[in-house]
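Below, each chain spelled out in residue letters.
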Amino acid sequence: MKDSKVSRRKYVEFGLLISGTLLIALGITIIVYLVPIHEFIIRQALTFNDHSDSFKAWRANDPPLIMDLYLFNWTNPEELRSSVKPRFEEVGPYRVKEVKEKTNLTWNENNTISYMVKKLYYYDEGSSPRQLDDLVTTINPVPLTVAYQARNYNYFPKRFLSMTMSGISNLYVTRTARQILFDGYNDGILSVLSQFPGLNVKDKFGLFYGIRQCTTCTPKPTRSSANN
């Protein structure tokens, strides 16, 4: 009985000795090769190819970015030409999800990637505090933009432009939040300017008009590049 206890004790001491020796050897190895090990881990984490995690995270933001959009409703537009100050009330938020995806990837010889950016916006109706069917009266940016571009014109051209715009456009509009944000709304000035192909003017105005996408839409991406 006594011999068996002594034997087990020796085995335990031998096991502890081996474990301690291995731990000491591991510690010495880590100290000696700490820099190469660190560089190897960083290199593996930053490897940029079709199958790396960093590439997948760069190619598309997942989860998507949550955006809360607000509009300002103009409550007294009929008093525009009086001394009464314009009054605005905040309307919103309208919650959308933004997904940026890079497509048409081309791996170049100079360690860069050429790609196209596709932006997709999804209206999150379930968690949005306000609905896109809200009617909102807001400043019409179209005539204001044209007036700003013509700010340095002479008196008569500016006067002619002012008279022309007043007949086909208004300084304020009442539209749904969907039209103001995404679907766009018609404006007389844009209807005229969009007839000239060289001007590259859209037929409607909306803050996100032309870039909001859905499952049946094909986006118009822009070309850029990123380091490999």
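Coordinates for the structure precede this section.
We now turn to the structure provided with this report. Given the structure is predicted, the values throughout are model-derived calculations rather than measurements.

Comments concerning the environment of Asp 203
(1) Moving on: Mapping Asp 203 onto the fold places it in the loop between α7 (188-193) and β7 (204-205).
(2) Moving on: Note: C-alpha distance between Asp 203 and Leu 193 (10 residues apart in sequence) is 8.0 Å.
(3) Moving on: Ignoring sequence-local partners within four residues, the contact set of Asp 203 consists of Asn 186, Leu 190, Ser 194 and Tyr 209.

Thoughts on the environment of Phe 205
(1) Moving on: With respect to the helices, strands and loops of the structure, Phe 205 is situated in strand β7.
(2) Moving on: Each C-alpha atom of the pair Phe 205 and Asn 186 lies 6.8 Å from the other, and the pair is 19 residues apart in sequence.

A closer look at the side chain of Ser 114
(1) Moving on: Of note, Ser 114 is situated in strand β3 (residues 112-123).
(2) Moving on: With relative accessibility at 17%, the residue Ser 114 sits in the buried group.
(3) Moving on: A polar atom in the side chain of Ser 114 sits 3.0 Å from the side chain of Asn 108.

Notes on the nonpolar core
(1) Moving on: Core analysis: the biggest nonpolar cluster contains 15 residues, and Tyr 94, Leu 181 and Phe 182 have the highest contact counts within it.
(2) Moving on: It is helix α6 (residues 177-183) that provides the largest number of residues to this core, a total of four residues.
(3) Moving on: Sequence-distant contacts of Leu 181, defined by excluding residues within four places in its chain, comprise Leu 69, Leu 71, Tyr 94, Leu 132, Gly 206, Leu 207, Phe 208 and Tyr 209.
(4) Moving on: Judged by nonpolar contacts, the second largest core, of five residues, contains Phe 48, Phe 55, Trp 58 and Ile 113.

Cut-offs applied
Residues numbered from 1 in each chain as written. Predicted model: local features only at pLDDT ≥ 70, side-chain atom pairs only at ≥ 80, totals over all residues. Heavy atoms only, no water. Helix = DSSP H or I, 4+ residues; strand = E, 2+ residues; numbered from the N terminus. Contact = heavy atoms within 4.5 Å. Buried < 20%, exposed > 50% of the residue type's maximum accessible area, 1.4 Å probe, protein only. Polar contact = N/O pair within 3.5 Å; in protein donor to acceptor, adjacent residues only side chain to side chain. Core = buried A, V, L, I, M, F, W, Y, C linked by side-chain atoms within 4.5 Å.

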